[in-house]
Amino acid sequence: MFDIQSIRKQFPVLSREINGYPLAYLDNAASAQKPTAVMDAMKAQTEHAYANVHRGLHTMANEATEAFEAARGKVANYLGAPSEKNIVFTRGATEALNLCAYGLADMIEPGDEIIITQMEHHSNIVPWHFLRERKGAVIRYIPVTEEGALDLDAFKSMLGVKTKIVSVVHMSNVLGTVNPIKQMAEWAHAAGAVMIADGTQAAVHMDVDVQYLGVDLYCMTGHKLYGPTAIGALYGTIDILGKMRPFNGGGEMIEDVFEDRVTYADLPYKFEAGTPPILEAIGLGAAIDWVRQFSSEDIRQHEMALYHAARDGLAGMNSVRIIGTTADKGPVLSFNLEGAHAHDVAQILDKYGIAVRAGQHCTQPLMTRYGIHSTARASFGIYNTLDEVDRLVEGVKKCALFLS
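The sections below set out a description of the structure shown in this document. (Residues numbered from 1 in each chain as written. Predicted model: local features only at pLDDT ≥ 70, side-chain atom pairs only at ≥ 80, totals over all residues. Heavy atoms only, no water.)

### Observations regarding the pairing of strand E9 (residues 217-221)
As a general feature of sheets, a regular strand has side chains that alternate between the two faces.
Now for step 1: Burial of E9 is extensive: five of the five residues sit out of reach of the surface.
Now for step 2: The two faces of E9 match: Leu217, Cys219 and Thr221 on one face and Tyr218 and Met220 on the other face are all buried.
Now for step 3: One ladder, built from three bridges, connects strand E8 (residues 194-198) with E9; its direction is parallel. Considered in E9, the bridge of Ile196 is made with Leu217.
Now for step 4: Taken together, the five bridges between E9 and strand E10 (residues 232-236) define a ladder with antiparallel strand orientation. What sits directly across from Met220, in E10, is Ala233. (Buried < 20%, exposed > 50% of the residue type's maximum accessible area, 1.4 Å probe, protein only. Helix = DSSP H or I, 4+ residues; strand = E, 2+ residues; numbered from the N terminus. Pairing = 2+ DSSP bridges.)

The following block contains the structure:
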């Protein structure tokens, strides 16, 4: 049974009051709150079996290694990867995308093209600019329609012999749009390109099967999936990971070090230099266990019911413009209030205990495409309620009165 009140009791922070009002935390696309199961798992490891991993022969080192590698297995299973060897732990999706760009740099020659989209987060734009600056690559952008979908005809027309990499967000952090990654991967591969998907939002709100999607590389983060910060993962096929250059050098990622050469460790360890985020990985594994006790379809229906209620409530206001109206999307609602800055809207809502995000959401090209500076954004998670949605709608109505 999907018991929302039972779920909420597992998140201590949700009992907090802000400015005398119960907290309505609607900023989940930025970072989600953590259940006690995640905090307890990290605390228990710290108190009973903390040690560095992979390098020791004593009992606690072995126990820490087993817990750390068990978390890798949970990530592999969660993403539908064929093996733990396909999963590289990173500090988050941003580092995973930077690893992709750095690791694939050797395949880029001057004039080669990298295709991304106008809806990308900066972490899937800036690393490709590094290749533009260093290697002479050309970045091309798939246009976004007024409704918030990708222009797939334009994408197909861009593909050609110069296309080397296609890197696309699976679910937009602003529009909520779910992009057709499987179809795009087929077209990209037909052109001889590597296909990368940024699953930062999608891995939270959708079932993800990387083998079904047919991607070469897929990124995810932990802190949006009710896990800790400073942990994420990169899935890669064995073939593509084998070709990629390591991002960091140091202990653990090597097999042998000589004065004149080094040889690298087997996958996935050649990408994991130094002491890894041990406790954070264990926390991510605990978050995956916690989420998977629920039906993913139940979670999706709950979150989308919240989204639709909020959308319908705000759509009834003439002064509100909703950004991103595609049918196939996740529980992310970006909007603007006529004549008001998004920051002012967020600050007024905060006075009533309602936490939303305001700004460009690290998507400046997308803001430019829509001719706006910023948006307010409400994003929903497993623990949010219809009462909180009602408070959001009423709060925006108060903003309209105050700011008109």
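Once you've had a look at it, read on.
### Focus on the nonpolar core
Generally speaking, soluble globular proteins have nonpolar side chains that are buried together.
Now for step 1: Leu79 and Tyr218 are the most contacted members of the largest nonpolar core, which has 72 residues in total.
Now for step 2: Here this core takes eight residues from helix H3 (residues 59-79), the largest share from any one element.
Now for step 3: The contact partners of Tyr218, leaving out residues within four places of it in the chain, are Leu79, His170, Ala197, Gly199, Ala202, Ala203, Val208, Val210, Leu213, Ala233, Leu234 and Tyr235.
Now for step 4: The next biggest cluster of nonpolar side chains, apart from the first, holds 31 residues, and it includes Ala310, Ile322, Ala342 and Ala346. (Core = buried A, V, L, I, M, F, W, Y, C linked by side-chain atoms within 4.5 Å. Contact = heavy atoms within 4.5 Å.)

### Focus: the packing of aromatic side chains
Now for step 1: In total, this model carries 10 aromatic pairs according to the counting rule given.
Now for step 2: For the ring pair Phe11 and Trp290, a centre distance of 5.3 Å and an interplane angle of 85° mean the geometry is edge-to-face. Taken together, the residues Phe11 in the loop between helix H1 (4-8) and strand E1 (17-18) and Trp290 in helix H11 (residues 278-291) connect sequence positions 279 residues apart. For the pair Phe11 and Trp290, a shared accessibility class is recorded, and that class is buried.
Now for step 3: Ring pairing ties together the aromatic residues Phe11, Tyr226, Trp290, Phe294 and Tyr383, which thus form one cluster.
Now for step 4: Positioned over the ring face of Phe258 is Arg261, at 4.1 Å from the centre of the ring.
Now for step 5: Sitting over the face of the ring of Tyr370, Arg369 holds its NZ or CZ atom 4.6 Å from the ring centroid. (Phe/Tyr/Trp six-rings, centres within 6.5 Å; stacked < 30°, edge-to-face > 60°. Lys NZ or Arg CZ within 6 Å of the ring centre and 35° of its normal.)

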